[in-house]
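Chain by chain, the residues run as shown.
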There are 2 protein chains.
Amino acid sequence: MPVYKAPVDDTLFILNDVLGFERYNNLAGFSEASSDIVEAVLQEGGKFAEEVLFPLNQVGDREGCERLADGQVKTPTGFKQAFEQYREGGWLGLAADPEYGGQGLPYALHTAVGEFMSSANMALMMYPGLTQGAIAAIQVHGSDEQKQAYLPKMIDGTWTGTMNLTEPHCGTDLGLLRTKAVPNGDGSYKISGQKIFISAGDHDMAENIVHLVLARIEGAPEGTKGISLFIVPKFKLDGGGAPGEKNGVSCGSIEEKMGIHGNATCVMNYDEAEGYLVGTENRGLNAMFVMMNEARLAVGLQGHAIAEVAYQNAANYARERIQGRALSGAKAPEKKADPIIVHPDVRRTLMTIRAFNEAGRALLLWTALKSDIAHRSDDEKEKQAADDVLGLMTPIIKGVLTDKGFDHAVAAQQMYGGHGYIEEWGMSQFVRDARIAMIYEGANGIQALDLVGRKLGLNGGRAVMAFFKEVEDFCAENRENEKLSFFTKHLKKGLGDLQASTMWFMQNAMAKPDNAGAGSTDYMHLFGLVALGYMWAQMAKAASEKLAAGANGQSTYLENKLITAKFYMEKVMPETALRRARIETGADSMMELAAEAF
Amino acid sequence: MPVYKAPVDDTLFILNDVLGFERYNNLAGFSEASSDIVEAVLQEGGKFAEEVLFPLNQVGDREGCERLADGQVKTPTGFKQAFEQYREGGWLGLAADPEYGGQGLPYALHTAVGEFMSSANMALMMYPGLTQGAIAAIQVHGSDEQKQAYLPKMIDGTWTGTMNLTEPHCGTDLGLLRTKAVPNGDGSYKISGQKIFISAGDHDMAENIVHLVLARIEGAPEGTKGISLFIVPKFKLDGGGAPGEKNGVSCGSIEEKMGIHGNATCVMNYDEAEGYLVGTENRGLNAMFVMMNEARLAVGLQGHAIAEVAYQNAANYARERIQGRALSGAKAPEKKADPIIVHPDVRRTLMTIRAFNEAGRALLLWTALKSDIAHRSDDEKEKQAADDVLGLMTPIIKGVLTDKGFDHAVAAQQMYGGHGYIEEWGMSQFVRDARIAMIYEGANGIQALDLVGRKLGLNGGRAVMAFFKEVEDFCAENRENEKLSFFTKHLKKGLGDLQASTMWFMQNAMAKPDNAGAGSTDYMHLFGLVALGYMWAQMAKAASEKLAAGANGQSTYLENKLITAKFYMEKVMPETALRRARIETGADSMMELAAEAF
């Protein structure tokens, strides 16, 4: 019953008109991504999302995954076939290294298509999603032999990958992990221990599963400095590199979760499984962070993607459901009641979601483009600047877009009244699925700490200062433009709150680190509000320029952009002052109670 | 695995020290509620909630209700026995009219106990909860004969009740309803039609079910002016008043919902069922509103109650889960990591929930006491003033406490990291259960409209002006008190935002009603922030006076009250400015898009 339509036009507007995608022809893979190709890829990806992935979304939720008596894991009806089509379409390797069979197209394009597919079926897309993270880790830290052995099969989707970090007693604090690695003497290791919450941990859709596993080599130091990363394939590779003998790894059980039922979240038991060290001994966390950063952006994308599909359904419902009359007089007098979209409170809800979604999409694509620059540019300075943005935006995208994605799935569900609570209508699934994105790959509180405790001060605050300057410059350049002054005025005000809060941390968190922790979540959201506001200001600029140049039949679309930008600035941006007020009152009132008083 | 402990002490502090419960001895039923009795009732009710209701909460979620092949509905294991104990304990009639077998104790006490029981098992408590609403409607609008026939059995819990309003095509807009009533000529009617979302619609826990059904008498006007209310018992009463022949009403199916699985949400089919008019023809909405107002307060209570139990579990988990080290240095150096409650961001979450819960409890009990005064006082002026508060606070309690209750269940779930997403831990159930409270008995957008469109202007704004004056007077009286000036300063600021927003509506919503609709949800939350802030100021006053008078071993408890009050004022109250800013930018940016552009 739910519907989904890939927002291809809005994506094209962002890529072409806001980000000026064609300007990046100098980067590897971008010259192949001409505007025709980009549009064709988006159309194809959108069609696949709408027609193949989306119809399986409720099926996956209802059926879930099953661990059979023989320990094998069965995915929901149709998942295997859909993944087969996904594989054949070459979607997994869209932006992957051509040396290993990838198409080498821009990561920004991969991100755009990824939104469509995650909107359509988040649980299914997690199978290739986790594979992406595993590919990234092997690509950066694996040996040439490992790359040759694993990457081509993973990039073409014949094999999938997983990330095995969490254990029952340790999630955030990986220093506590106990999984053991004992050298076999031949360069390989025996891996033993239990991992939990392993997404896509086992399934029936690929010939082999390449587990990337954090473990402690016998005798290694305690804490995070004694952790190494291993490849543990489900089936060991035979002499010809094909999956052969079963390895000592198995799915012990599948977790019963609130949502993403279509993805098998496994307890994985390692019983002297053969594993191969990735990178250097005891430097596993470094390698892990390559996966993690990739995954954090992907999770932020999920939050955004669910808010998009939830919004589309809420908007449709609001147009169709008739109930009551408009406050300003009947709008559909020929009917017994008006569609509920006439009510300002319904529109407030829809506009709020829309304002975040369109800016969220821009922020994701802007950041993905920075990733392309960071990885593909020849200009060291440009690379560094892009990498700074990428690092800075990763916790913001993960934390803010998933918090908002969930809130907005809930708000969209609310539009349905009682029907929203009934599983059949599909809105409950969006809420239940979106919930996990706030938790995994580092709960959002950890993202906030990463931002305040790490990213803010990195290289003397280089990344954050560059961002402030970029936004300030934008405001200064467009201040006199009467079509943009409304937007720059509000953006400037938000930026001012962000800068003041940053200053407050510098003055108050050195001596008392709790002041940073106390304000970290507010700061992350404050930063998000400004970053999204900056996206809106850029979109408003692009829209008004395009309108002035003759809109080519897009004038309604572009005018709606300007209205939505106005809504964001008026209704959303004022939240920066609240966040700042909370930050500046510090930690005292939250640290005073004794633990047992809670 | 989840835990629950009824907050008896906090309830006693509110009743005795903040509200001065003993001052109301002049009201019927209050002299029987001496402080010993109140404490004993709370202890007993708390024990019943902890020991009988709570252990069945996860059972109810997992098993759900089942419609058997013969059309009968089976409730989860243990529900029937627990309800039997509830009935035997006389809990249903605690505050009910002694003329029909109730105990006539204060409604405020009933509310206090109701919190404990809804925290422990919301789905189970809905069976007696809906019965309360049906009792209220019959009590106010039923004939003497109807009261004699139904009330004693409902008040002692032998029979339960339901509210049948919604139909597939109409929820909020009851004017559209189609269920038909045809006179039989003997004073009874034949009721035919389909009702959906009927909570506790059918079950196996009571001898009879008394359905209160909205229907349109043949030939009645269209719209809301042609709706009447009927009693339709599941079993018609025989000559002796006992359940006899089966009536033409049955459960067609049970909805598959996101939560409250333990409650049977039924599609009810009426096929020429025998029904009896309650009150006057075509005045059914009036009678319905008696149920509805009762139910709205009860739903606000549910939102609060779930936030309380979710908070308790999150606090426990945060004390026990060890992960990482405090920013300010190890707090449990003997362990491998510190409990996560050392982290400011965890405390921020817990303090936020706590600050709302303690004030929410006070607001519920303060309002319930107003209900007692409104219904039991002999002083007309006092009655009217209390009734004004009751009417004003009903949409605020329903809308704000359920929005916050859900948000806070989510925040509590977040403390668990990945474990929060696994059903076994119980946090997902709190979130899923809390979600419905934002929807049923009038979705929260409707509550906001009720507040802005109806309650605000009623009797020339008498209720709202009286509330403003009461808060202003409190601030003025305590401004010079150095122990309270911090609180009154923040409260005054919040009140100022609320007054300014009210003024803005007066100036801008008359000519353009959309401006009222656009700001309604923000206004409801703004009002809630101030009302809860007023509760905090009163609690701070009571706590500091009690501390000054010698705290009787409660000094830690009372000092924690003052710290939590400070937290609320510093971290929560500033949100009033944001709400005001949104209200004062009006409807324009949300009304401009064409419906098809969404």
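By the naming in an unreviewed UniProt entry, chain A is 3-methylmercaptopropionyl-CoA dehydrogenase, taken from Georhizobium profundi. A UniProt comment under Cofactor (unreviewed entry) is attached to chain A, and it reads "FAD".

Within chain A, the secondary structure is distributed over 18 helices and 11 strands. Taking 2.2 N^0.38 as the reference for a compact globule, 598 residues should give roughly 25 Å; the C-alpha atoms of chain A span a radius of gyration of 24 Å, in line with that estimate. Seen through its principal axes, chain A has C-alpha atoms that stretch 75 × 60 × 60 Å. In chain A, which comprises 598 residues, the proportion classed as buried is 65%. Put simply, of all contacts in chain A between residues at least 6 apart along the chain, 74% involve residues at least 24 apart. Placing the 58 positive and 76 negative side-chain charges of chain A at their respective mean positions leaves the two points 5 Å apart.

So, about the relation of the copies chain B and chain A. Here chain B sits on chain A after a turn of 180° about the axis and a move of 0.0 Å along it, with an RMSD of 0.0 Å. Put plainly, the chains are arranged around a two-fold axis. Within chain B, the C-alpha atom positioned nearest to the axis of rotation is that of B:Leu578, 3.4 Å from it. A high fraction, 100%, of the interface residues of chain B reappear at the interface in chain A, so the copies pair face to face through one surface.

Another point: the packing of aromatic side chains. Residues and elements named next belong to chain A. Throughout the structure, instances matching the rule amount to 47 aromatic pairs over all chains. Considering the side-chain rings of Phe 474 and Tyr 534, the 5.7 Å spacing of their centres and the 80° angle between planes classify their relative orientation as edge-to-face. Placement of Phe 474 in helix H13 (residues 462-478) and of Tyr 534 in helix H15 (residues 514-548) is noted, with a sequence separation of 60 residues between them. Owing to a relative accessible area of 4%, Tyr 534 belongs among the buried residues under this scheme.

Once that is clear, we can look at the pairing of strand S7 (residues 228-233) of chain A. All names here are of chain A. Most of S7 sits out of view: 6 of its 6 residues are buried. The sheet contact formed by strand S6 (residues 208-217) and S7 spans 6 bridges and is antiparallel. Each residue of the ladder has a partner; that of Ala 215, found in S7, is Ser 228. In this structure, S7 lies alongside strand S11 (residues 265-278), joined through 3 bridges in antiparallel fashion. Its bridge partner lying in S11, Phe 230 is registered against Leu 277.

All right, on to the interface of chain B and chain A then. On the side of chain A, 88 residues touch chain B, which itself brings 88 residues to the contact. Looking at the side of chain B facing chain A, the largest losses of area belong to B:Tyr421, B:Lys571 and B:Phe598, adding up to 12% of the total buried there. A:Lys336 serves as the salt-bridge partner of B:Glu222, at 3.9 Å between the closest nitrogen and oxygen. Looking at the side of chain B that touches chain A, the element that brings in the most residues is helix H9 (residues 344-376) of chain B, giving 7 residues. Here the residues of the side of chain B that touches chain A sort into 40 nonpolar, 22 polar and 26 charged.

This paragraph deals with the packing of helix H1 (residues 8-18) of chain A against helix H2 (residues 35-53) of chain A. All names here are of chain A. Where H1 contacts H2, the two axes come as close as 10 Å, and the packing angle between them is 150°. On the basis of their axis angle, the class for H1 and H2 is roughly antiparallel. The handedness of the crossing between H1 and H2 comes out as right-handed. Only Val 38, Glu 39, Leu 42 and Gln 43 of H2 make contact with H1, whose side of the interface consists of Val 8, Thr 11, Leu 12 and Leu 15. In the contact of H1 with H2, the residues fall into 5 nonpolar, 2 polar and 1 charged.

Within the secondary structure, B:Glu255 is located in the loop between strand S10 (249-254) and strand S11 (265-278). Not counting residues up to four positions away in its chain, the partners in contact with B:Glu255 are A:Ile422, B:Phe197, B:Thr265 and B:Val267.

Moving on: the pattern of salt bridges. Oppositely charged side chains can pair when the atoms bearing their charge come close. All names here are of chain A. The final tally for this structure, using the stated rule, is 66 salt bridges over all chains. The partner of Glu 167 in a salt bridge is Lys 195, and the shortest N-O contact between them spans 3.0 Å. You can see Glu 167 sitting in the loop between strand S3 (159-164) and strand S4 (180-183) and its partner Lys 195 sitting in strand S5 (residues 188-199), a full 28 residues away along the chain. Like Lys 195, Glu 167 is buried.

The subject of this paragraph is the UniProt feature "domain: Acyl-CoA dehydrogenase/oxidase C-terminal" (unreviewed entry) in chain A. UniProt's entry tags residues 282-451 of chain A with the feature "domain: Acyl-CoA dehydrogenase/oxidase C-terminal" (unreviewed entry), counted in the numbering of this structure. A distance of 25 Å separates the end C-alpha atoms of residues 282-451 of chain A, which is 73% helix and 0% strand.

Segmenting chain A into domains produces domain 1 (8-141), domain 2 (159-281) and domain 3 (447-593). Distance between the C-alpha centres of domain 2 of chain A and domain 3 of chain A: 40 Å.

As for its position among the elements, A:Met590 is in helix H18 (residues 588-591). With residues near it in sequence (within four places) discarded, A:Met590 still touches A:Ala518, A:Phe598, B:Pro344, B:Arg347, B:Arg348, B:Met351, B:Phe567 and B:Lys571.

Quick look at a nonpolar patch on the surface now. Residue and element names in this part refer to chain A. Together, Met 465, Met 503, Met 506 and Met 510 make up an exposed nonpolar region whose accessible area comes to about 440 Å². Along the chain, Met 465 falls in helix H13. Take Met 465: its relative accessible area is 42%, and that puts it in the partly exposed class.

So, how was this worked out
Residues numbered from 1 in each chain as written. Chains lettered and ligands numbered in written order. Predicted model: local features only at pLDDT ≥ 70, side-chain atom pairs only at ≥ 80, totals over all residues. Heavy atoms only, no water. UniProt positions renumbered as here; feature names shortened; annotations may be inferred. Helix = DSSP H or I, 4+ residues; strand = E, 2+ residues; numbered from the N terminus. Rg over C-alpha atoms; globule rule 2.2 N^0.38 Å. Buried < 20%, exposed > 50% of the residue type's maximum accessible area, 1.4 Å probe, protein only. Contact = heavy atoms within 4.5 Å. Lys, Arg positive; Asp, Glu negative; His and termini not counted. Charge placed at Lys NZ, Arg CZ, Asp CG, Glu CD. Least-squares fit on C-alpha atoms with pLDDT ≥ 70 in both. Phe/Tyr/Trp six-rings, centres within 6.5 Å; stacked < 30°, edge-to-face > 60°. Pairing = 2+ DSSP bridges. Buried area = accessible area lost by both parts, 1.4 Å probe. Salt bridge = Lys/Arg side-chain N within 4 Å of Asp/Glu carboxyl O. Nonpolar A, V, L, I, M, F, W, Y, C, P; charged D, E, K, R; others polar. Axes fitted to C-alpha atoms, helices over the stretch in contact; angles between N-to-C directions. Parallel < 35°, antiparallel > 145°, perpendicular 65-115°, else oblique. Left-handed = near helix turned anticlockwise from the far one by under 90°. Domains from an automatic or database assignment. Patch = residues over 30% accessible without salt bridge, like charges linked within 9 Å, V, L, I, M, F, W, Y side chains within 5 Å. Areas by Shrake-Rupley, 256 points an atom, 1.4 Å probe, with all protein chains shown as cover.

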